[in-house]
Amino acid sequence: MTKDLERDLGLFAVIAISMGAMIGSGIFILPGIAMAEAGPAVILAFIIAAILVIPAALSIAELGTAMPEAGGDYVFIERGMGPAVGTIAGLGTWLMLMLKGSLALYGGMFYINFAYQLPTWDLVIPGLEMALTIPGVRALGITFAILLIAVNLVGVKQTGGLQLIMVIVMLVILSGFVISAITSVEAANYDPFWPGDDQAGVLSATALVLVSYAGVTKVAAVAEEIENPGRNLPLGLLISLIATSFLYALLVFVLVGVVEGEALQGTEEPMAEATEILFGGLTATIPAIGGSFPIGWAAVIAIIFAALLALVSTANAGILTASRYPLALSRDNLFLKKFEYIHPRFNTPFIAILSTGAFIIFIVATQEVDEIAKMAGAFQILVYILVCGALIAFRERDLEWYDPDFFTPGYPWVQLFGIVSGVFIITQMDPQEILGTIGIVIFGFVWFKVYAENRVEREGVAKGLARREAGKQFVRDTEEQLEADDRYEVLIPIRQDVTREQEDALINAAAPIVNRRGGRIRVVRFDEVPDQVPLDTAASELTEGDVEFEERTDELVRYLEAPVEVGEVVSHDTRHAVVNFAERTDADLVLAREEPTSRLGTLFGRDTDWIMEHAPCDVVFAQHEEPVDISEIAIVTDRSPFNDPLKVELADAMATSVGASIRFVYPVGEDAPEELLETVEEYHDQLDELCTVPVESTIVRADDAVEGLKSELETADVVMLSTVTHRRLPDLLVEQRSDRIAASLDAPVLRVHSKETRRGSFLRPILDRVLFD
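Residues numbered from 1 in each chain as written. Predicted model: local features only at pLDDT ≥ 70, side-chain atom pairs only at ≥ 80, totals over all residues. Heavy atoms only, no water.

> Looking at this model, I keep getting lost on the overall build of the chain. Mind explaining?
Counting secondary structure elements, the chain contains 30 helices and 14 strands. Among the 773 residues that make up the chain, the fraction classed as buried is 53%. Taking the contacts inside the chain whose residues are at least 6 apart along the sequence as the reference set, 83% of them involve residues at least 24 apart. Of the accessible surface of the chain, which amounts to about 34200 Å², a share of 57% is contributed by carbon and sulfur atoms. (Helix = DSSP H or I, 4+ residues; strand = E, 2+ residues; numbered from the N terminus. Buried < 20%, exposed > 50% of the residue type's maximum accessible area, 1.4 Å probe, protein only. Contact = heavy atoms within 4.5 Å. Areas by Shrake-Rupley, 256 points an atom, 1.4 Å probe, with all protein chains shown as cover.)

As structure tokens, then:
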């Protein structure tokens with residue numbers, strides 16, 4: 001029997017959890033550092049950052065109500081975009097949370113240092129006769145990190161009630177600060193508002209303070225416990241985001257107004273600095289004790305207490321939350337299995353917490369506050385971009401089970417704004433943060449390919465969506481191809497060694513498409529002579545072979561309905577002559593014969609490859625061509641299940657002319673996902689509606705596609721394959737499966753290469769491998 005969680009978190013609880021996760025470094029550490037970037041316009045940076053977070057917050061709200069049990073942004077991204085992107089998101093979020101925890105921990109120590117000058121530590125390394133001098137702030141930060149790691153290892157938990165109390169205490173203290181200080185604001189401190197002549201500093205500061213809002217989405221992890229999540233989750237997220245951004249903007253407005261720019265810029269404890277300036281010498285006389293009470297000192301202590309309360313709590317939550325990401329990655333077979341280890345006594349992810357703690361200690365010991373904040377912000381933006389992308393994938397896929405209680409208003413423009421603005425803000429960061437973001441993407445992808453790809457079988461919704469959208473586009477393109485009625489010119493270039501049967505087979509292959517469209521067939525024999533022989537001399541000689549070719553061709557086309565022209569071309573280079581003739585006569589298709597070539601043969605280049613690459617039109621090469629009775633034409637696709645529209649049109653025209661049927665054949669691995677099979681079957685059904693002859697669909701399950709197809713295609717009279725140009729040396733390393741398939745068959749084979757495929761030749765193989773391998 002399964003157990004359900006009680007939905008007892010109301011709107012106020014959602015707001016408290018979300019605000020509690022946000023209030024921290026954003027106000028206690030970053031204003032001074034951000035002001036060094038933007039000057040007084042740092043106020044706008046906090047507002048802009050909040051606006052940029054809205055798309056991700058709304059997306060998280062919708063995804064959280066659709067998958068309340070999922071547990072947060074990593075799983076949303078992994079399910080939506082697939083395990084490869086999920087790996088990148090999981091590692092990126094892990095790093096972001098460690099950086100955010102380090103920022104809070106390290107920054108909090110500056111407030112202690114403000115009240116009490118921390119001494120430096122001299123660490124003596126035994127055996128090396130050397131000592132390391134560690135600043136007191138870093139040393140105390142490392143000490144707190146060790147304590148918090150120990151707390152998390154033994155499983156001491158922070159309760160929801162304590163979180164609520166902490167939020168209330170912080171809000172009371174911060175509100176008291178604003179009320180007391182706002183009357184002391186000096187307008188001169190806001191002039192000039194913009195630093196320099198442009199606003200680049202504001203964008204840089206925006207990227208810096210974005211980490212302040214990183215906690216807004218954390219409440220989605222407990223969406224299953226929220227009462228009426230369709231209302232309370234999105235409303236709570238928006239209210240908390242608006243309230244926090246208003247609080248941030250108001251506090252920063254006061255800080256800038258009461259503290260001179262030079263004193264505020266670069267300081268790590270801006271709230272303490274401002275409180276001391278305002279209330280430092282303020283005292284109150286207490287008649288009952290016959291003395292005075294240092295109100296200024298108490299105010300500074302209260303601010304320091306609030307800062308430590310917020311920052312240490314954020315650091316503790318950072319260790320707790322961050323350690324769950326390697327655990328989740330490990331359980332999903334995307335990371336090392338040792339991170340899945342749960343301590344038998346404390347029931348905590350021991351290795352994950354220790355690793356997370358070690359990283360945090362390293363960051364606190366080596367990095368500066370502004371560097372930590374910027375890198376954390378960069379990774380946070382990356383996650384927000386992926387969250388918006390994941391929502392688009394879920395929406396567009398139209399899944400039956402995807403039924404959220406809340407739908408994001410303004411879809412998809414809100415998500416597109418989130419993606420575009422996120423990419424833009426990353427580009428405004430320093431090179432270190434840009435390279436760091438690119439680095440985590442590359443590392444995550446390489447890690448997935450090397451370690452995890454063979455360990456997972458699931459795929460993301462986006463992959464299925466991309467397949468379906470590609471299938472729809474191919475169906476539209478095929479429909480346009482079949483409905484085309486413009487004249488069709490086919491060039492059949494033949495050499496002197498082509499036999500009568502081979503020429504007959506080529507002409508009969510070209511006739512159906514010309515009869516359907518109208519146009520003509522040009523049968524041209526290309527004679528190649530040595531460079532020493534003048535072309536006019538060779539052309540003026542009429543040989544017995546020339547006469548035999550003309551008589552033979554006239555006899556072969558006598559009963560064809562399609563008009564046929566016969567000609568001869570003499571050249572020093574046949575492949576150039578074929579391409580030039582096709583261009584000069586505006587040919588739509590070159591239909592030629594070729595001999596099967598070994599894999600080694602492709603290394604030295606083939607005339608057929610050169611013609612495919614340079615021809616101004618579509619190209620089809622025939623192998624094993626001979627006149628046969630055709631009852632079935634098999635169309636085989638290799639990497640992608642989607643056929644080139646030209647193949648479908650040629651097959652449909654040929655099958656119509658002889659009363660044959662078409663069979664679409666696609667090979668998949670034994671472990672191919674069911675979603676892929678459904679996409680292929682749906683695509684084949686749509687082609688059945690477009691074709692004028694009977695259509696069958698065959699999906700061949702085999703780990704060795706060539707062997708599986710060889711036995712499946714034994715009954716086919718003609719086989720059609722797509723082909724691509726060979727890139728010589730790479731083909732020694734990665735052989736084209738279409739070549740192997742063609743070489744393994746005895747039936748006539750038509751290898752089709754369209755100019756549309758050629759235009760996308762760089763990206764299409766990559767996309768095919770991503771979507772269908």
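> What is the right way to read helix α26 (residues 705–712) from this model?
Count 3.6 residues to each turn of an α-helix, and residues three or four apart come out pointing the same way. Ala705, Val706, Gly708 and Leu709 are the residues of α26 that are buried. Down the axis of α26, the sector holding all buried residues measures 165°, keeping them to one side. (Arc of directions from axis to C-beta.)

> Looking at this structure, how should I read the sheet that holds strand β10 (residues 632–636)?
Within a beta sheet, neighbouring strands are joined by backbone hydrogen bonds and run either parallel or antiparallel to one another. Strand order in the open sheet formed by ten strands is β7-β6-β5-β8-β9-β14-β13-β10-β11-β12, and the pairing between neighbours is mixed. Strands with a single pairing partner mark the edges of an open sheet, and in this sheet they are β7 (564–571) and β12 (695–701). Pairwise comparison of adjacent strand axes, ignoring direction, gives a mean angle of 25° for this sheet. Where helix α23 (residues 607–614) meets the sheet, it contacts β9 (618–623) and β14 (749–753), and its direction lies at approximately 160° from that of β9. Sitting on the sheet, α26 is in contact with β10, β11 (661–668) and β12, with an inclination near 155° to β11. (Pairing = 2+ DSSP bridges. Axes fitted to C-alpha atoms, helices over the stretch in contact; angles between N-to-C directions.)

> Which parts of the structure should I look at to understand the pattern of salt bridges?
Pairing is possible between side chains that carry opposite charge, provided their charged atoms lie close to one another. One pass over the structure, following the stated rule, counts 19 salt bridges. One salt bridge connects arginine 751 with glutamate 594, and the closest N-O pair in it is separated by 2.6 Å. Of this pair, arginine 751 sits in strand β14 while glutamate 594 sits in the loop between β8 (589–593) and α23; the two residues are 157 residues apart in sequence, bridging distant segments of the chain. Considered together, arginine 751 and glutamate 594 belong to a single accessibility category, that of buried residues. Sharing partners across several salt bridges, the network here consists of Arg487, Glu489, Arg520, Arg522 and Glu565. (Salt bridge = Lys/Arg side-chain N within 4 Å of Asp/Glu carboxyl O.)

> Just to check I follow, could you spell out the environment of leucine 650 for this structure?
Mapped onto the secondary structure, leucine 650 falls in helix α24 (residues 645–658). In the structure, leucine 650 is positioned 138 residues away from proline 512 in sequence and 7.8 Å away in space, judged by C-alpha atoms. The contact partners of leucine 650, leaving out residues within four places of it in the chain, are Ile513, Leu589, Val620, Met720 and Val752.

> Hey, could you run me through unusual backbone geometry in this one?
Most peptide bonds take the trans configuration, and most residues that are not glycine carry a negative phi. A cis geometry characterises the amide bond from tyrosine 411 onward to proline 412, with omega recorded as 0°. On the secondary structure map, proline 412 appears in the loop between α15 (369–397) and α16 (413–427). Positive phi, normally seen in glycine, also occurs at asparagine 333, with a value near 65°. You can see asparagine 333 is positioned in the loop between α13 (295–331) and α14 (350–366). Using a relative accessible area of 25% as the deciding quantity, one classes asparagine 333 as partly exposed. Of note in this structure, aspartate 586 is not a glycine but carries a positive phi near 55°. Positionally, aspartate 586 belongs in the loop between α22 (574–584) and β8.

> Sorry if this is basic, but what is going on with the pairing of β11 here?
A regular strand carries its side chains on alternate faces of the sheet. Counting buried positions along β11 gives eight out of eight residues, so the element sits mostly inside the fold. Of the strand pairs in this sheet, β11 and β12 are connected by seven bridges, and their pairing is parallel. Paired with phenylalanine 664 across the two strands is serine 697, which belongs to β12. On the question of chirality, the crossover connecting β11 to the parallel β12 by way of helix α25 (residues 674–690) is right-handed. (Right-handed = clockwise from strand over helix to strand, strands pointing away.)

> Hey, could you run me through the nonpolar core in this one?
Generally speaking, nonpolar side chains in soluble globular proteins are found buried as a group. By size, the foremost hydrophobic cluster in this structure holds 143 residues, and its most contacted members are Phe28, Tyr111, Phe177, Tyr213 and Met271. Leaving out residues up to four positions away in the same chain, methionine 271 has contacts with Ile27, Phe28, Tyr111, Leu174, Phe177, Leu251, Leu255 and Ile303. If you look at the next biggest cluster of nonpolar residues, it comprises 47 residues, including Leu482, Ala622, Phe642 and Ile662. (Core = buried A, V, L, I, M, F, W, Y, C linked by side-chain atoms within 4.5 Å.)

> What should I look at first to understand the packing of aromatic side chains in this one?
We describe a pair of aromatic rings using the distance from one ring centre to the other and the angle between the two ring planes. Summed over the entire model, instances satisfying the criterion amount to 14 aromatic pairs. Between tryptophan 94 and phenylalanine 335, the ring centres sit 5.9 Å apart and the planes meet at 80°, which makes this aromatic pair edge-to-face. Of this pair, tryptophan 94 sits in helix α6 (residues 83–115) while phenylalanine 335 sits in the loop between α13 and α14, and the two are 241 residues apart along the sequence. Residue classification places phenylalanine 335 among the buried positions, given a relative accessible area of 7%. Within the aromatic cluster, the residues linked to one another by ring pairs are Trp94, Phe335, Phe339, Phe359, Phe443, Trp447 and Tyr451. Lying over the aromatic face of tyrosine 451, arginine 455 brings its terminal NZ or CZ to 3.9 Å of the ring centre. (Phe/Tyr/Trp six-rings, centres within 6.5 Å; stacked < 30°, edge-to-face > 60°. Lys NZ or Arg CZ within 6 Å of the ring centre and 35° of its normal.)

> So what exactly am I meant to see when it comes to the side chain of asparagine 152 here?
Position of asparagine 152 among the secondary structure elements: in helix α7 (residues 136–154). Other than its neighbours up to four places away in sequence, asparagine 152 contacts Asn316, Ile319, Leu320, Thr348 and Ile353.

> What am I meant to see in the confidence of the model for the chain here?
Parts of the prediction with low pLDDT should not have their coordinates interpreted in detail. Here the chain averages 78 in pLDDT, while 82% of its residues score no lower than 70. Across the chain, α16 holds the top mean pLDDT of 91, while helix α27 (residues 729–733) sits lowest at 47. A low-confidence stretch, residues 1–6 stays under pLDDT 50, and its non-local contacts, those more than four residues away or across chains, total three contacts. Counting interchain partners and residues more than four positions distant, the pLDDT-below-50 stretch residues 728–734 has 14 contacts. (pLDDT = per-residue confidence, 0-100.)

> What's the story with a negative patch on the surface in this structure? I'm lost.
Where like charges cluster on the molecular surface, the negative patch consists of Glu457, Glu670, Asp671 and Asp703. Examined against the element boundaries, glutamate 457 turns out to sit in the loop between α17 (431–452) and α18 (461–483). When its relative accessible area of 66% is taken as the criterion, glutamate 457 is described as exposed. (Patch = residues over 30% accessible without salt bridge, like charges linked within 9 Å, V, L, I, M, F, W, Y side chains within 5 Å. Lys, Arg positive; Asp, Glu negative; His and termini not counted. Charge placed at Lys NZ, Arg CZ, Asp CG, Glu CD.)

> Just checking my understanding: could you explain the packing of helix α19 (residues 500–517) against α24 for this structure?
In helix packing, the relevant descriptors are the interaxial angle and the interaxial distance, both defined with respect to the helix axes. Two elements in contact, α19 and α24, have axes separated by 8 Å at closest approach and are oriented at 95°. When the axes of α19 and α24 are compared, the pair comes out roughly perpendicular. Between α19 and α24, the residues in contact are Ala509, Pro512, Ile513, Arg516 and Arg517 and Glu649, Leu650, Asp652, Ala653, Met654, Thr656 and Ser657, respectively. Taken together, the residues of the contact of α19 with α24 break down into six nonpolar, two polar and four charged. (Parallel < 35°, antiparallel > 145°, perpendicular 65-115°, else oblique. Nonpolar A, V, L, I, M, F, W, Y, C, P; charged D, E, K, R; others polar.)

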